Amino acid sequence: MDDPVVQWSRRSLYSFGEGDLSEFTPENDLIIYDHPFTGDIARDGLMLDLLPYLSAEDIEMLENNQVGQSYKSYFFEGGLYALPIDAAAVTAAWRPDLLAEINADVPDTLDDVVSLGIEAKAKSKWVGWAAKPTDLMCSYVTIAASLGAAPGQDDGPFLSREISLQVVELMRRLAEVAHPSSMTWNPIQLFDYMSASDDIVYTPFAFNYVNYATASERQLRFASVPRAAAGLQARGLLGGAGIAVSAQSKNPEAAVAQALRLVDPAFQAGDYVRKGGQPGMRSAWVSREADAATNGFLSGCLPAMDAAFLRPNIPGFVPFFHDATHEITKAVTGEITHEAFWSWQTTTYDALRADNAKRVTISA
């Protein structure tokens, strides 16, 4: 039997992170999506639960190749709705040549980042930040997790008032020293700028992209985010992408087989990395050959991947997060008070959880 012909089409970054997946399920067998959609996907029946299609050997392979909580992120209420084809997290990134030029070290804590921002500015350089609304909310969750909190995962509010205030104050301090264009950049826009210009030496928070570590010139280095304070663990926000099978697929067995080929540990550590992919299988992240091919990106980021915080994937979380991106932007810029932001966040997330509990009660 000949290998199937697979035709791929691209979606926008916005569609990947916040768009409506239902428009893609009728005409596509395979769909790559962002893991916070998993709860909605499961409840709405958009993708197949893959567990019935996987052998015991398949599941053992996936369990043995976990990168942090990437594999776990595609589970919901006992079903598995994607395979981790790509793994990512919010990390720090920097230009080693520019840090050396101003005789500065990679910051260890957020206080060090602020100090670096002041020092860099005095030498006509900058600390940068991917701080568009979506990425600003990712920084908010990242810093909260680095302070030891678990936003949205506990029984109380999405985040306590005290921790939330501490996070927003830290973000305001960072905004004061960051490049003035920071709040217009997502990670790709920031990294494009860092790769094309010579005035941003470092960024503390941005989802990592392997292609910026393998560029022919002006290469970036990546590693864990700065600690929120000395003595605390550095934790970024988990990202990555899963490959799923549409519930409307007319060829589910062939689609699952293709998905398994794409996450095969040998393929992920070999051609997948060599052709520019950012792998989802641990086989690649621990491979010396793959690490050399990525100029140390994989070994530099693996501790960050393993420590990354897994945000909730309950139904409705993606729209909540989208709305929160605009509210956190207002709070950081001073358009609204922290108290107003925290009250909105708490009320909205409590209502979301109550709605989900109601659905479970009714369906039960």
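Residues numbered from 1 in each chain as written. Predicted model: local features only at pLDDT ≥ 70, side-chain atom pairs only at ≥ 80, totals over all residues. Heavy atoms only, no water.

Q: What's the story with the overall build of the protein chain in this structure? I'm lost.
A: Scanning the protein chain for helices and strands turns up 15 helices and nine strands. C-alpha extents for the protein chain along the principal axes are approximately 65 × 50 × 35 Å. Within the protein chain, the fraction of its 364 residues that count as buried is 54%. If you sum the accessible surface of the protein chain, you get close to 15800 Å²; carbon and sulfur atoms cover 50% of it. Across the protein chain, 27 positive and 46 negative side-chain charges occur, with their mean positions spaced 4 Å apart. (Helix = DSSP H or I, 4+ residues; strand = E, 2+ residues; numbered from the N terminus. Buried < 20%, exposed > 50% of the residue type's maximum accessible area, 1.4 Å probe, protein only. Areas by Shrake-Rupley, 256 points an atom, 1.4 Å probe, with all protein chains shown as cover. Lys, Arg positive; Asp, Glu negative; His and termini not counted. Charge placed at Lys NZ, Arg CZ, Asp CG, Glu CD.)

Q: Please explain the packing of helix α6 (residues 133-146) against helix α14 (residues 317-333) as it appears in this structure.
A: Working note: a packed helix pair is described by the angle between its axes plus the distance between those axes. Following both chains from N to C, one finds α6 and α14 inclined at 85°, their axes separated by 8 Å at the closest point. Looking at the two axes, α6 sits roughly perpendicular to α14. Contacts between α6 and α14 involve Pro133, Thr134, Leu136, Met137, Cys138, Tyr140 and Val141 from the former and Phe321, Ala324, Thr325, His326, Ile328, Thr329 and Val332 from the latter. Residues belonging to the contact of α6 with α14 are distributed by class as follows: 10 nonpolar, four polar and no charged. (Axes fitted to C-alpha atoms, helices over the stretch in contact; angles between N-to-C directions. Parallel < 35°, antiparallel > 145°, perpendicular 65-115°, else oblique. Contact = heavy atoms within 4.5 Å. Nonpolar A, V, L, I, M, F, W, Y, C, P; charged D, E, K, R; others polar.)

Q: So what exactly am I meant to see when it comes to the sheet that holds strand β4 (residues 83-86) here?
A: Hydrogen bonds along the backbone pair up the strands of a sheet, which may run parallel or antiparallel. Within the open sheet, the three strands sit side by side as β1-β9-β4. Their pairing is antiparallel. Both outer strands of the open sheet, β1 (30-34) and β4, are each paired with one neighbouring strand and no more. Strand-to-strand twist across the sheet, computed as the mean angle between neighbouring axes with direction ignored, equals 40°. Lying over the sheet, helix α9 (residues 252-262) contacts β1, β4 and β9 (241-245), oriented at roughly 160° with respect to β9. (Pairing = 2+ DSSP bridges.)

Q: Help me understand unusual backbone geometry, please; the structure alone is not making it clear to me.
A: Excluding glycine, residues mostly carry a negative phi; peptide bonds, for their part, are mostly trans. Its identity is not glycine, yet Glu77 carries a phi of approximately 50°, on the positive side. Of note in the backbone geometry, Asn295 takes a positive phi value of approximately 55° without being a glycine. Locating Asn295 in the fold gives a position in the loop between α12 (288-293) and α13 (297-307).

Q: Got a minute to help me understand the packing of aromatic side chains in this structure?
A: Any pair of aromatic rings gets described here by the distance separating the centres and the angle formed by the planes. In this structure the tally under the stated criterion is 19 aromatic pairs. Ring centres 5.0 Å apart and planes at 50° place the aromatic pair Phe320 and Tyr349 in the tilted group. Of this pair, Phe320 sits in helix α14 while Tyr349 sits in helix α15 (residues 338-363), placing them 29 residues apart in sequence. Owing to a relative accessible area of 4%, Phe320 belongs among the buried residues under this scheme. Cluster of aromatic residues (ring-pair linked, three or more members): Phe158, Phe317, Phe320, Phe321, Trp344 and Tyr349. Here Arg311 stacks its cationic end above the ring of Phe321, 5.7 Å away from the centre of that ring. (Phe/Tyr/Trp six-rings, centres within 6.5 Å; stacked < 30°, edge-to-face > 60°. Lys NZ or Arg CZ within 6 Å of the ring centre and 35° of its normal.)

Q: Is there a simple way to explain the nonpolar core in this structure?
A: Grouped together as the largest cluster of nonpolar side chains are 54 residues, with contacts concentrated most on Tyr140, Phe158, Met171 and Ile328. Elements with a minimum of two residues in this core: β5 (90-94), α4 (96-101), α5 (110-122), α6, α7 (161-177), β7 (200-207), α14 and α15. Counting residues per element, this core draws most heavily on α6, which supplies eight residues. (Core = buried A, V, L, I, M, F, W, Y, C linked by side-chain atoms within 4.5 Å.)

Q: Before we go on, may I ask you to explain the pattern of salt bridges in this structure?
A: A side chain with one charge can pair with a side chain of the opposite charge if their charged atoms come near. Applying the stated criterion to the full structure yields 14 salt bridges. Residue Lys123 pairs with Glu119 through a salt bridge whose shortest N-O separation is 3.5 Å. Between Glu339 and Arg161 there is a salt bridge whose closest N-O contact spans 3.1 Å. In this pair, Glu339 sits in helix α15 while Arg161 sits in helix α7, placing the two residues 178 residues apart along the sequence. On the basis of relative accessible area, Arg161 is assigned to the partly exposed category, the value being 36%. Residues joined by salt bridges that share partners form a network here, namely Arg95, Asp97, Asp198, Glu217 and Arg218. (Salt bridge = Lys/Arg side-chain N within 4 Å of Asp/Glu carboxyl O.)

Q: I keep staring at α14 and nothing clicks. Help me out?
A: One full turn of an α-helix is made of 3.6 residues, so residues set three or four places apart face in the same direction. For α14, built from 17 residues, the straight-helix expectation of 24 Å at 1.5 Å per residue is met to within 8% by its first-to-last C-alpha distance of 24 Å. Within α14, burial applies to Phe317, Val318, Phe320, Phe321, Ala324, Thr325, Glu327, Ile328, Thr329, Ala331 and Val332. At the C-terminal side of α14, Gly334 shows a positive phi close to 85°. (Expected span 1.5 Å × (residues − 1).)

Q: When you look at the environment of Ala340 in this model, what are you seeing that I'm missing?
A: Counting through the fold element by element, Ala340 comes out in helix α15. The exposure class assigned to Ala340 is partly exposed, which follows from its relative accessible area of 36%. For the pair Ala340 and Glu327, spaced 13 residues apart in the sequence, the C-alpha separation amounts to 9.0 Å.

Q: Quick question: what am I supposed to make of the sheet that holds β5 here?
A: Reading across from one edge, β6-β7-β5-β8 is the order of the four strands in this open sheet, with mixed pairing throughout. Each edge of the sheet is formed by a strand with only one pairing partner; in this case those strands are β6 (126-127) and β8 (221-223). Inspection of the sheet shows β5 paired to β8 by three bridges, in the antiparallel sense. Paired with Ala92 across the strands is Ala223, a residue of β8.

Q: What should I look at first to understand the pairing of β5 in this one?
A: Consecutive side chains of a regular strand alternate in pointing toward one face of the sheet and then the other. Within β5, five of the five residues are buried, which leaves it mostly tucked inside the rest of the structure. The side-chain alternation of β5 yields two buried faces, one formed by Val90, Ala92 and Trp94 and the other by Thr91 and Ala93. The pairing of β5 with β7 spans four bridges and is classified as antiparallel. Of the residues in β7, the one forming a bridge with Thr91 is Ala206.

Q: Would you explain the environment of Ser115 in this entry?
A: Following the sequence through the fold, Ser115 ends up in helix α5. The spatial distance from the C-alpha of Ser115 to the C-alpha of Val127 is 9.9 Å, given a sequence separation of 12 residues.

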